[in-house]
Amino acid sequence: MDQEAAGPLSEETLSLWKREQARLKACVVDRDTEAWQRDPAFSGLRRVGGVDVSFVKGDSVRACASLVVLSYPELEVVYEKSRMVSLTAPYMSGFLAFREVPFLLELVQQLREKEPDLMPQVLLVDGNGMLHHRGFGVACHLGVLTDLPCIGVAKKLLQVDGLENDALHKEKIRLLQAGGDSFPLLGSSGTVLGMALKSHDRSTRPLYVSVGHKMSLEAAVRLTCCCCKFRIPEPVRQADICSREHIRKALGHTGPPTPRSLKAQRPKACPRGDSGESTGCACMVPRVRTLLFITAESSSIIWIRVVRARILVLFLITGTFSVFHH
């Protein structure tokens, strides 16, 4: 979603952006605010949205902003809107929202005005939420301005507050065995900034899920997992497809469109019962497995909450470990 652009950022603009982030951060709600969020099967959730900004290849200014809305739990596209935009604000790490959110906000406002019945009940954002240099990423920014529940879903680890993509982090990733497994991203400050999630059985790289607005981290992780037919959550994946296809058409490129689905690889969506309510699936009815890391040098303890069937305790002692199943 992010791409660097040429152009320096003045100290005055940087100071202004920091003050604006601090002002909006005070409005963030990091707990569940809707009844469907507290339901194990997300009963009452009917529409999930995804947003994305894709760039014209070789151009750091021209881009396409997209908003899609999918039915839930079927995850079928019921609304999509894209528009070409010119990103005039320079890119700077930690301030992506000032570059992209105005265009995404406009798409949400247009939908709210023209087709309110299709408004999403939650937005999944290709970027971070509270997992951020100042605890206020693009998912928080968009959530506060739209007043919608938002989830940040990043493909790479943002290394802030002591988080590092080091050997220990990679070992934790290796221990994520099945779709739904996750572990907390505990910063040096003692704050859990998000969760690393294995979103699909066949995925080898985790997603980094964090709270954007009006949703707990636990519910955000569960819903992200339930929206994954592949590694990337379907709302974000479809928004990316939509934006890239719009760019292709806008530039007059020939060739086949980007496929919207790969049915041969797609697992079934969460089923519904005769009453129309979800009957539940593995991602909706979590069972807890916890990984406990104890380092010999510091005796520090890191709890790793993962959504599977058994409890596994791992002792890391002087570079070796043993595994116990209960």
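For the structure, see preceding data.
Residues numbered from 1 in each chain as written. Predicted model: local features only at pLDDT ≥ 70, side-chain atom pairs only at ≥ 80, totals over all residues. Heavy atoms only, no water.

A short note on the overall build of the protein chain
Here is step 1 of the chain: A tally of helices and strands in the protein chain yields seven helices and 12 strands.
Here is step 2 of the chain: Look at the contacts in the protein chain between residues 6 or more apart in sequence, and 61% of them connect residues 24 or more apart.
Here is step 3 of the chain: In the form shown here, the protein chain has an accessible surface area of approximately 15,300 Å², with 53% of it arising from carbon and sulfur atoms. (Helix = DSSP H or I, 4+ residues; strand = E, 2+ residues; numbered from the N terminus. Contact = heavy atoms within 4.5 Å. Areas by Shrake-Rupley, 256 points an atom, 1.4 Å probe, with all protein chains shown as cover.)

A closer look at the pattern of salt bridges
Here is step 1 of the chain: The final tally for this structure, using the stated rule, is 10 salt bridges.
Here is step 2 of the chain: Asp126 is the partner of Lys155 in a salt bridge, and the nearest nitrogen-oxygen pair spans 3.0 Å. Here Lys155 is found in the loop between β5 (150-154) and α5 (167-174), whereas its partner Asp126 is found in strand β4 (residues 123-126), with 29 residues between them in sequence.
Here is step 3 of the chain: We classify Lys155 as partly exposed; its relative accessible area is 37%. (Salt bridge = Lys/Arg side-chain N within 4 Å of Asp/Glu carboxyl O. Buried < 20%, exposed > 50% of the residue type's maximum accessible area, 1.4 Å probe, protein only.)

A few points about the packing of aromatic side chains
Here is step 1 of the chain: Per the counting criterion, the structure on display carries five aromatic pairs.
Here is step 2 of the chain: The interplanar angle of 0 degrees and the centroid separation of 4.7 Å between the aromatic rings of Trp17 and Phe98 together place this pair among those described as stacked. With Trp17 in helix α1 (residues 11-25) and Phe98 in helix α3 (residues 96-114), this residue pair connects regions lying 81 residues apart in the sequence. Just as Trp17 is buried, Phe98 falls in that class too.
Here is step 3 of the chain: Taken together, a centroid distance of 6.5 Å and an interplanar angle of 80 degrees make the contact between Phe42 and Tyr72 edge-to-face. Within this pair, whereas Phe42 is found in the loop between α2 (35-38) and β1 (47-55), its partner Tyr72 is found in the loop between β2 (62-71) and β3 (77-86), the two being separated by 30 residues in sequence.
Here is step 4 of the chain: Judged by its relative accessible area of 1%, Phe42 falls in the buried class.
Here is step 5 of the chain: Feature note: the residues Trp17, Phe95 and Phe98 constitute an aromatic cluster, connected by ring pairs. (Phe/Tyr/Trp six-rings, centres within 6.5 Å; stacked < 30°, edge-to-face > 60°.)

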